[in-house]
Amino acid sequence: MPSTDGHTVLAPESSGRHSFVTAVTDRLPGLAVVAVVAVVATLLARLSSSVSPLVAGVVLGAVVANTVPVPDRLAPGLEFCARQVLRAGVVLLGLRLSLGDLAGLGLNGLVVVAGVVTLTFIGTQWLARRLGVGPDLGLLVATGYSICGASAIAAMDGVIDADEEETAYAITLVTLCGTLSIAVLPLIAGMVDLSGAAFGTWVGGAVHDVGQVVATASHDGDRALEAATVVKLTRVVLLAPLVALVALRRRSVVSTAGVDTKHPPLLPLFVIGFLVAILVRSSGVLGDDVLGWAGDVEKLLLTVALVALGFGVRVSKMRRLGGRPLVLGMFAWVLVAGTAYVGTVLVA
């Protein structure tokens, strides 16, 4: 509507639409670039069964970000993919799980999973303190290694709001070690005569990303793959209580300090969505076709999100954090693999 000075004043409804259109327009350049890189990552993953599109996505994103200038106008789209799209993918990840899977694992299997997650989570943070690595970065690395890689790091970042460089470094470490596991763990298994379901149990407890677990376990056939998938997805279930515990601790610290600030959420909304998805899968209301479609969408969303996260992996910024986080990542890799191996041998 016209104002007294001749300028146009937007009505509230028009202003809201204008803001929405502006937000979408600002994100389009970044979304377009991420989509192209995600397509390339998916095609590369199809050429090799040992590389998941998620791993290919984060690696390609990092390569592009460190070889060509990234215009500032891509930032809104990259941020949207790295946060909102990733969280939507984590919600759909819950449809891979059911309460029946947990029951099928048995008490011994559940104890192994709980032990691996607990010891890796606590041990990695202890190592971080000894190495002089910052508490937020140590927490992110501990979460990624103990649960499910980049998805878990993103979930924990929603509670602690770490620096962008720390989040990128943690994702880089978990991607590097998870990729190394694809080649290293089968070699070690051959040396110690570990095969079949036992090898799959070890892989499911030791490897981070779901795609990396599948690639590693596939070296030893269907029995190993089935065992690895169940153990891995059981680790994923522990994402929600782990995030809740950290959030509760942060709220307690803030309250004790008497700081007048916003409390971190006890459970981020997307983690609640993840739990709801598990219950929906457990109810059996979704057919195989729907679950298959949801799995494809989940993989697509997570690939897009990890491409965007890969753009945040800047070598120049990571240098400022020094080499200690890299040492932490390698120690944490040995810790999670060693703990999972001991647990596997004890219940075999």
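Here's a quick rundown of the structure. Computed from a predicted structure; not experimentally measured.

**Focus on the side chain of Thr-344**
Turning to step 1, where the next piece is worked out: Note on placement: Thr-344 falls in helix H15 (residues 324-347).
Turning to step 2, where the next piece is worked out: Relative accessible area serves as the criterion here: at 2%, Thr-344 is assigned to the buried category.
Turning to step 3, where the next piece is worked out: A polar contact is formed between the side chain of Thr-344 and the backbone nitrogen of Trp-202, at a distance of 3.5 Å.
Turning to step 4, where the next piece is worked out: Among all residues touching Thr-344, those that are not within four sequence positions of it are Ala-198, Thr-201 and Trp-202.

**Some details on the packing of aromatic side chains**
Turning to step 1, where the next piece is worked out: Under the counting rule described, the total for this entry stands at two aromatic pairs.
Turning to step 2, where the next piece is worked out: With 6.4 Å between their ring centres and 65 degrees between their planes, Phe-199 and Trp-202 make a pair best called edge-to-face. Linking Phe-199 with Trp-202, this pair stays in helix H8 (residues 196-206), spanning three residues, or about one helical turn. This pair shows no difference in class: Phe-199 is buried, exactly as Trp-202 is.
Turning to step 3, where the next piece is worked out: With relative accessibility at 3%, the residue Trp-202 sits in the buried group.
Turning to step 4, where the next piece is worked out: Each member of the aromatic cluster is reached from another via a ring pair, and the members are Phe-199, Trp-202 and Tyr-341.

**Some details on a nonpolar patch on the surface**
Turning to step 1, where the next piece is worked out: Residues Val-36, Val-40, Leu-44 and Leu-47 make up a contiguous nonpolar surface patch of roughly 380 Å² in combined accessible area.
Turning to step 2, where the next piece is worked out: Turning to its location among the elements, Val-36 is positioned in helix H1 (residues 12-47).

**A few points about unusual backbone geometry**
Turning to step 1, where the next piece is worked out: Of note, the phi angle at Asp-193 is positive, near 60 degrees, even though the residue is not glycine.
Turning to step 2, where the next piece is worked out: For Asp-193, the location among the structural elements is in the loop between helix H7 (164-192) and H8.
Turning to step 3, where the next piece is worked out: A relative accessible area of 66% means that Asp-193 is categorised as exposed.

**Focus on H15**
Turning to step 1, where the next piece is worked out: With 24 residues, H15 ought to run about 34 Å at 1.5 Å a step, and its terminal C-alpha atoms sit 35 Å apart, in line with that.
Turning to step 2, where the next piece is worked out: Turning to H15, its buried residues are Pro-325, Leu-328, Gly-329, Ala-332, Trp-333, Val-336, Ala-337, Thr-339, Ala-340, Gly-343 and Thr-344.

**Some thoughts on the pattern of salt bridges**
Turning to step 1, where the next piece is worked out: According to the stated counting rule, one finds one salt bridge in the structure shown.
Turning to step 2, where the next piece is worked out: Across the pair Glu-298 and Arg-96 runs a salt bridge, and its minimum N-O distance is 2.8 Å. Of this pair, Glu-298 sits in helix H13 (residues 288-311) while Arg-96 sits in the loop between helix H3 (75-93) and helix H4 (99-131), placing them 202 residues apart in sequence.

**Remarks on the packing of H7 against H15**
Turning to step 1, where the next piece is worked out: Packing of H7 against H15 brings their axes to within 10 Å, and their N-to-C directions diverge by 40 degrees. The orientation of H7 relative to H15 falls into the category oblique. Once H7 is placed against H15, the crossing between them reads as right-handed. Along the contact surface, H7 presents Tyr-169, Leu-173, Leu-176, Cys-177, Leu-180, Ser-181, Val-184 and Val-192, while H15 presents Pro-325, Leu-326, Gly-329, Met-330, Trp-333 and Tyr-341.
Turning to step 2, where the next piece is worked out: Among the residues forming the contact of H7 with H15, the class breakdown is twelve nonpolar, two polar and no charged.

**Looking at the environment of Val-334**
Turning to step 1, where the next piece is worked out: Within the secondary structure, Val-334 is located in helix H15.
Turning to step 2, where the next piece is worked out: Expressed as a C-alpha distance, the spacing of Val-334 and Thr-120, which sit 214 residues apart in the sequence, is 9.8 Å.

Scoring rules and cut-offs
Here the residue index of a chain counts from 1 through its sequence in written order. For this predicted model, a pLDDT threshold of at least 70 governs which residues receive local features, and a threshold of 80 or more governs which side-chain atom pairs are given and counted, while totals over whole chains, interfaces and linings are taken from all residues. Note: side-chain values were computed over all heavy atoms of the structure, leaving out hydrogens and water. We count a stretch as a helix when DSSP gives it H or I for four or more residues in a row; a strand needs E for two or more, and each element gets its number in order from the N terminus. When a residue's accessible area, from a 1.4 Å probe over protein chains only, is under 20% of the maximum for its type it is buried; when over 50% it is exposed; and in between it is partly exposed. By the criterion applied in these results, polar contacts are pairs of N or O atoms within 3.5 Å in which, for protein atoms, one can donate a hydrogen and the other can accept it, and in which residues neighboring in sequence qualify only through two side-chain atoms. Throughout, a residue-residue contact means that at least one pair of heavy atoms, one from each residue, lies within 4.5 Å. Centre distance within 6.5 Å is the pairing criterion for rings of Phe, Tyr and Trp, where only the six-membered ring of Trp is used; planes under 30 degrees apart are then read as stacked, over 60 as edge-to-face, and the remainder as tilted. Distance thresholds for patches are 9 Å for like charges and 5 Å for nonpolar side chains (Val, Leu, Ile, Met, Phe, Trp, Tyr), applied to residues having over 30% relative accessible area and no salt bridge. Using a 1.4 Å probe, the Shrake-Rupley method yields the accessible areas, and only the shown protein chains count as cover for residues. The term salt bridge refers to a side-chain nitrogen of Lys or Arg lying within 4 Å of a carboxyl oxygen of Asp or Glu. By this rule the span expected of a helix is its residue count minus one, scaled by 1.5 Å. Inter-axis angles, ranging from 0 to 180 degrees, are taken between N-to-C directions of lines fitted to C-alpha atoms, where helices are fitted over the stretch in contact. Angle categories are assigned with fixed cut-offs, so that under 35 degrees is roughly parallel, over 145 is roughly antiparallel, 65 to 115 is roughly perpendicular, and the rest are oblique. Crossing handedness is read from the near helix: turned anticlockwise from the far helix by less than a right angle, it gives a left-handed crossing, and turned clockwise, a right-handed one. Any residue that is not Ala, Val, Leu, Ile, Met, Phe, Trp, Tyr, Cys, Pro, Asp, Glu, Lys or Arg is counted as polar, Gly included; the first ten are nonpolar and the last four charged.

By themselves these figures say nothing about function.
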